[in-house]
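# Fold and contact review
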Amino acid sequence: MVQHKYWGKVEENWAGFSAEKVLTSSYFNTNNGTIFLGEEYDEEGEEIVAFPSAEELDDFENTYSSFIVKLDKVLEDIKEKTFERYRKLYASFYEDKEKSGEDPLDISTKEKHFDYIQDLGYIRVLENGVIKIIIRYKLDTEHGMEIKLKDNTIVDIAGIAET
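Residues numbered from 1 in each chain as written. Predicted model: local features only at pLDDT ≥ 70, side-chain atom pairs only at ≥ 80, totals over all residues. Heavy atoms only, no water.

So, on to the nonpolar core. By size, the foremost hydrophobic cluster in this structure holds 37 residues, and its most contacted members are Trp7, Leu37, Phe67, Tyr86, Val125, Ile133 and Ile147. Ranked by residues supplied to this core, first place goes to helix H2 (residues 71–89) with six residues. Not counting residues within four places of it along the chain, the set of residues in contact with isoleucine 147 comprises Ile78, Thr82, Ile131, Lys132, Ile133, Ile135, Ile154, Asp156 and Ile157. (Core = buried A, V, L, I, M, F, W, Y, C linked by side-chain atoms within 4.5 Å. Buried < 20%, exposed > 50% of the residue type's maximum accessible area, 1.4 Å probe, protein only. Helix = DSSP H or I, 4+ residues; strand = E, 2+ residues; numbered from the N terminus. Contact = heavy atoms within 4.5 Å.)

We now examine the pairing of strand E3 (residues 16–19). Relative to E3, strand E2 (residues 8–13) runs antiparallel, the two sharing four bridges. In the sheet register, valine 10 faces E3, and the bridge partner there is alanine 19. In textbook terms, the turn of a hairpin is the stretch between consecutive antiparallel strands, and for E2 and E3 this stretch comprises two residues. (Pairing = 2+ DSSP bridges.)

A few words on the environment of lysine 97. Looking at the secondary structure, you find lysine 97 in helix H4 (residues 97–100). With a relative accessible area of 49%, lysine 97 lands in the partly exposed category. Ignoring any residue separated from it by four or fewer positions in sequence, one finds lysine 97 in contact with Glu102, Asp103 and Pro104. Within the structure, lysine 97 has its side chain in polar contact with the side chain of aspartate 103 (distance 3.1 Å). (Polar contact = N/O pair within 3.5 Å; in protein donor to acceptor, adjacent residues only side chain to side chain.)

Further remarks concern the layout of surface pockets. Empty space left among the atoms is revealed by rolling a probe the size of a water molecule over them. If you add up the space inside the largest pocket, you get close to 290 Å³. Surrounding the largest pocket, 17 residues form its lining, Gly38, Glu39, Ile48, Glu56 and Glu127 being those nearest its centre. Roughly 190 Å³ of internal volume is contained in the second largest pocket. As for the second largest pocket, its lining consists of Glu39, Glu40, Tyr41, Tyr122, Arg124, Lys132, Ile134, Glu146, Ile160 and Ala161. Classifying every residue of the lining of the second largest pocket by side-chain character gives five nonpolar, no polar and five charged. (1 Å grid on protein atoms, 1.4 Å probe; cavity = no way out; pocket = protein on both sides within 12 Å on 5 of 7 lines; lining within 4 Å. Points joined across faces, edges and corners; volume = space filled by probe spheres on them. Nonpolar A, V, L, I, M, F, W, Y, C, P; charged D, E, K, R; others polar.)

Have a look at this one:
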């Protein structure tokens, strides 16, 4: 365990190193709001066992603080981009009773779609201004959804561990 002025206690956890500080949000169901700091695995696929340095923790603080300040704008981008992804990958199934065997979901707006992406798994703060938001996607529970941001701009949306 290490102590940091912003993160509090940083401890080894089930998926890397997590902060004592947690995410609380009126936008997401955060469960415990876990914030992981740094990657879980190195380039060779080995679990990282060395705690983040003080400099890395400060960098993570800057990235996360900027994210929190710009969360309203980031959230609007998330709503728009995830709805576009829904229309591209899922709508032809969920909006067609013959394909799904169920009544259409009538997900016709980004706000309606947002109801399906509000269950937050956790946040991972990485170096160089990168954050990954892990979502338990109600329409694809097998793959979930991972949103990768760089400097508070969405750079990729895919299944969990696919960005």
